[in-house]
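Fold and contact review
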Amino acid sequence: MHSHATETLKKGEKIVIVGNPNVGKSVIFGLLTGRYATVSNYPGTTVTITGGSCNLGGNSFPVIDTPGINTLIPMSEDEVVTRDILLNESIKLVVQVLDSKNLSRGLPITIQLAEMGLPFILVLNMWDEANSRGINIDVKRLASAMGTFIIPTIAVEKKGLKELRDALSEKKYPSILINYGSVIEEGIKEIENILPESNISRRAIALMLLAGDESLKSWLKRLINYPDITRIESVRREVQEKFFEPVGYLINQIRSKRCDKIIADTVVKNRIERNAITIHLGNWAMHPVWGIPVLLVVLILLYEFVGVLGAQTLSELLEDGLFGGYINPYITMWADSFIQDSFFRDLFVGEYGIITMALTYSIAIILPIVGTFFIAFGILEDSGYLPRLAIMVHKIFKSMGLSGKAVLPMVLGLGCDTMATLTARIMETRRERIIVTLLLALGVPCSAQLGVILGMLGGVSFIVTILWAGIITLILFLVGLLASKLIKGDTSDFVFDIPPLRVPVLSNIIIKTLSRINWYLKEAVPLFIVGTLILFTLDKIGVLKTIEVIASPLVVNFLGLPQKATDAFLIGFLRRDYGAAGLYALSEAGLLNPNQILVSLVTITLFVPCVANLLVMIKERGSKTTIAIVAFIFPFAFIVGGVINFVLNIFGIKL
Amino acid sequence: MDYHRSKEEIFEEDRIEEMLELLWMAIEEGGATIDKITKRSEDPQAAYLLKDMESAGLISLNSGRITFRETGEKRAGEIIRRHRIAERLLSEVFEVEEKEIEEHACELEHSHVLGQSVVNSICTFLGHPPTCPHGRPIPKGDCCRKFSLEVKPLVGSLTDLQVGEEVKIVFISTKYHARLDRLSSLGIIPGNIIKLHQKQPTYVIRIGETELALDSDLAKDIFVKKTS
C-alpha cells in the first residue's frame, strides 16, 4: 500500500497501546490479550499500566495498556506513566487508538509518535459512532497522509479485530513530518546535538524540552552531565525569548493546524440531526435544574437495587436461608459430633468461627450487597453518567477550594476506595492528591460498606439514613475545606471531556461485575478470615475481654454503645466494611437502638477503609503523609461519634 | 494630528517611526546593537538617523548598544501598539489574508494615519487583545487599563456569551503557561469553532464532536468572536 519501510514484527517485542482518554484502549487490550482490564465510559479508568500477551501466528507478544493522554508532554502523573513507557521500554510497535468521530484530538498524538520515530499503526475505534454522526473518513487517503496502516474498528462489537491482528505482524514507520519554523527548528538542532541515544528520536525529545517538559529532568540527569543540561536550558530560554507565547503552546498550535488540514483532506462531514434519547438524557443529566431530579432518580434506583434487593432480600435469603438454615446448623452439628476438641470446634463454628463469623459475614451479608452494587456501579460507569455527576457537584468542591476534577476519584471511591486512591493521579497538583486521598480514606464509603450500611439503615428509619448521609457529607466538606486551607499549593484547572451517554453493553457489565466479585473473594474474604482469627485468638487467650473492658470508657461511656461493639471496631481496623458487618449483626440481634446505630455507623464510616487502601496510600503518597492521615482519622472518627452521642443525649433525642 | 505639516516633515517623521519600530522589535528579541540595526534597516542613512535620534533625546547609544530613553520608548510603544492592533483588526474583522496583513499594518502604524483615540476604540472593540496574531505582545493603552466597554466589543470572553451561541476562538489570555498547554491539548486553540452548551453548574462547550466541561475561571480566559 505504501512505500515506507516495513519489517516483520519479531517474537517477544513489546506492543504498546496508547491514545486519548476514553477511546477504548482497554477494550482493544482485552480483545488482543484475553485479559480483562477495567473498561468504563469515563476518562481516567486506567491510571496504571496493565500487561498481557497476545498470540499472533503461534508467537506470543507482550502487550501493554496505558493511561489515556492528550499530549505526550505530561501534566499529571497518569500521563507521565504513558510517556515514560515510550521513553524507557524497548518498543517495537505502538498501537494508537483514536476516536473516529474525534480525529482532531487524536492526530496530534499521532504526529508526536511519528516524531519519536516509533513504528505504529492507527486504530479508528467507534467507527459506528462516527458514521451515525455523518462523519465519513477516507481511510486510504488518511493512511497515505500519515504513512501507516489504519484499521477501523468497533471494539465493543469485536469488529475489525481480525484486520488489526493481521496488521500487528508488520512494523511500519510513518512518514509524516512537521516543520516548526526556523527559530524552533534551530533550537531543535542545537538540543539534538547534546542529547544521548535513546529509544525515541532526539528530535522528539528536543521538542518536549523546548515545550518546557519538566518531567524529563530526572531522565536527563541520569544520562548527561550537568553543563549539558544547563546548555539545553539556555537554548530553550533563547528560543522562548523570541516568542511572547509559551513555546509549548505554539508547538501545539502548529500540530493542530496540520491535523486540521489532514482532516479537511480526508474527512467529509454531513450534518445529521441526531435525536436519540441518550443525547437528551445526557444533556438533562448535567443540566443545572434537570440534573437534580436525574440525580435523585439515580439515587433512588441505586437504593432500591442495592439497599432493598441486595441488602435485604438477597442477604436475608443467604444469611437466614442458606447459612442460618442449612450451612451453619449442619456444620455445627457435624463439628459437635466429630471435633472433640472445643478449641478447634470453636475455630470453625464458635462465636468467632471462620464459618459462623467470617464466611457468614463475607458471603451471606456482604457478597449480595457488593454484588448488586457492582452491577449498579458498572451500569453507571459504562453509561457515562459519572462525569456528568462531577459537573453537578463541581460547585461544592470549588467552594471547598478543590478542583471539580476531584469529584471523579471521590465518586469512584463509592466503588472501591483503594482503586480511587490510585485514580487521584489524575489530579495535577500534589496538594489535591493529598486532600483527595485524605477524604477518600476518611469518609467515602466503598461499595461493600455502603451496602451494609444501607441494609442496616433500610431496616431502621429514613430519618437515620438522611442523618447519617448528612453528617458524613458535612464532615467531608468541613475537613476538605480545612485541608485545602492548611495544605498549600495550586489547584488543578477544571477541564475534562464529557463522554457521550451510551447504553451499557451487557457483556461488559457481566465481565466487570464478575471480575470485581472475583477480586472481592480473593482479597477481602481472606482478610475477613484473618480478622476473625485475630478475634478468636484474643478471645481464647482472654485478652478480648480485657480489651473490651479497657475500651469500655470509650465505647460504652463516650460513644454510648454496648461493650460488644468493641469487636466490630477492632475488625474495622482491618476493613471498615467488616466492622460495619459486625455492627449489622449486632443490630440484627436487637442490641442497638436507632441512636446507637447512627453513632456507630458514623464512627465506622470515618475509619480508614481497609489494609489494602492503607498500602496503596503508602505507595502513592509516601509513608509520612499516610501516617499523618491515619493519625488524624482514627481519633477523629471516635471524637465525631462521641460528639453525636453527646448531642443526642443532651437534647434527649430518640431517633 | 497635524495637517499643516509639509510632506518632507511627514517623511522625516515616518523615517523616525520606522526606526523606533525596528528598535522595539530588536529589543524585544533580546537587544539592539548599531550593527544589527543598520544591517536590518531599509533606511540608507540608518547610522546618521540613529545619531540624529540620539541628539533628539529619543535613544542612547552606548558602545554599540542602543537603548530607549523615556520619550523614545513611549513613542515606539505607541507605534507598535498601532501596528499590532491594526493586525488584529485586519485578521479578525476583515479576515485579510495573512500575506497582506503586514503590508497594510505597516501603513496604519504611523501616527498621522491612526490617532490615539481611534486606536483605543479599535482596541476596545477587539476586547483588548493581549497579543497580535503572531503572538507578540501589544503594549497596553489607557483603554486596556480602564478596560472600558463604551464600544460594544466584537471580541469578548466566553463568559459573556449566551447559551447556544457558536463562536470562534480568537485568543486565550492567561498568565499560566500550563493552562495554555492544557487547553491547547484539548483542542481549545485560536481559530477553532466552539458552541456554548451551558454555563451552569459548569461551562460545557462543544468543539467538533468533543464535549468539554470547564470551570468559569478558565472560560473567562477564552476570548471569542461570533461567527457570521
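This structure is a prediction, so every number in the text was calculated from the model and none was measured.

A word on the overall build of chain B. Scanning chain B from terminus to terminus reveals 9 helices and 9 strands. Over its C-alpha atoms, taken along the principal directions, chain B stretches across nearly 60 × 40 × 30 Å. Across the 228 residues that make up chain B, the buried fraction comes to 50%. A total accessible area of about 11,400 Å² is found for chain B, and carbon and sulfur atoms account for 51% of it. Of the side chains in chain B, 31 bear a positive and 40 a negative charge, and the two mean positions are spaced by 5 Å.

Let us now look at the state of the cysteines. Each disulfide is one covalent bond, formed between the sulfur atoms of two cysteines. Counting across every chain of the model gives 0 disulfides over all chains. Distance from the sulfur of C610(A), which forms no disulfide, to the nearest cysteine sulfur (C416(A)) is 6.6 Å. With no disulfide of its own, C132(B) lies 12 Å from the sulfur of C106(B), the closest cysteine sulfur. Its relative accessible area of 1% is what places C132(B) among the buried residues.

It is worth spelling out the pairing of strand β6 (residues 193-198) of chain B at this point. Each regular strand displays side chains that alternate between the two surfaces of the sheet. All names here are of chain B. When strand β5 (residues 166-172) meets β6, the two strands line up antiparallel, connected through 3 bridges. Within β6, the residue paired with E166 across the bridge is K195. Hairpin remark: β6 followed by strand β7 (residues 203-207), antiparallel, with 4 residues in the connecting loop.

Bringing the pattern of salt bridges into the picture now. For the structure on display, the rule yields 49 salt bridges over all chains. One salt bridge connects K398(A) with D215(B), and the closest N-O pair in it is separated by 3.2 Å. Of this pair, K398(A) sits in helix α16 (residues 385-399) while D215(B) sits in the loop between β8 (210-214) and α9 (216-219), on two different chains. Residues participating in the shared-partner salt-bridge network are R133(A), K269(A), R206(B), E209(B) and E211(B).

This part covers the environment of L476(A). Residue and element names in this part refer to chain A. When you line up the elements, L476 lands in helix α21 (residues 462-486). In the structure, L476 is positioned 36 residues away from L440 in sequence and 9.0 Å away in space, judged by C-alpha atoms. Apart from the residues within four sequence positions on either side, L476 is in contact with M400, L439, G443 and V444.

We now examine the domain arrangement of chain B. Residue and element names in this part refer to chain B. Once the domains are mapped, chain B shows domain 1 (1-153) and domain 2 (155-226). Look at where the C-alpha atoms of domain 1 and domain 2 centre, and you get two points 31 Å apart. Across the contact, 11 residues belong to domain 1 and 7 residues belong to domain 2. Around 670 Å² of area is buried between domain 1 and domain 2 when both sides are counted, 52% of it from carbon and sulfur atoms. Linking domain 1 with domain 2 are 0 salt bridges. Ranked by residue count, the leading element in the side of domain 1 that touches domain 2 is helix α4 (residues 70-93), at 3 residues. Tallied by class, residues from the side of domain 1 that touches domain 2 come to 6 nonpolar, 2 polar and 3 charged.

What counts and what doesn't
Residues numbered from 1 in each chain as written. Chains lettered and ligands numbered in written order. Predicted model: local features only at pLDDT ≥ 70, side-chain atom pairs only at ≥ 80, totals over all residues. Heavy atoms only, no water. Helix = DSSP H or I, 4+ residues; strand = E, 2+ residues; numbered from the N terminus. Buried < 20%, exposed > 50% of the residue type's maximum accessible area, 1.4 Å probe, protein only. Areas by Shrake-Rupley, 256 points an atom, 1.4 Å probe, with all protein chains shown as cover. Lys, Arg positive; Asp, Glu negative; His and termini not counted. Charge placed at Lys NZ, Arg CZ, Asp CG, Glu CD. Disulfide = S-S within 2.5 Å. Pairing = 2+ DSSP bridges. Salt bridge = Lys/Arg side-chain N within 4 Å of Asp/Glu carboxyl O. Contact = heavy atoms within 4.5 Å. Domains from an automatic or database assignment. Buried area = accessible area lost by both parts, 1.4 Å probe. Nonpolar A, V, L, I, M, F, W, Y, C, P; charged D, E, K, R; others polar.

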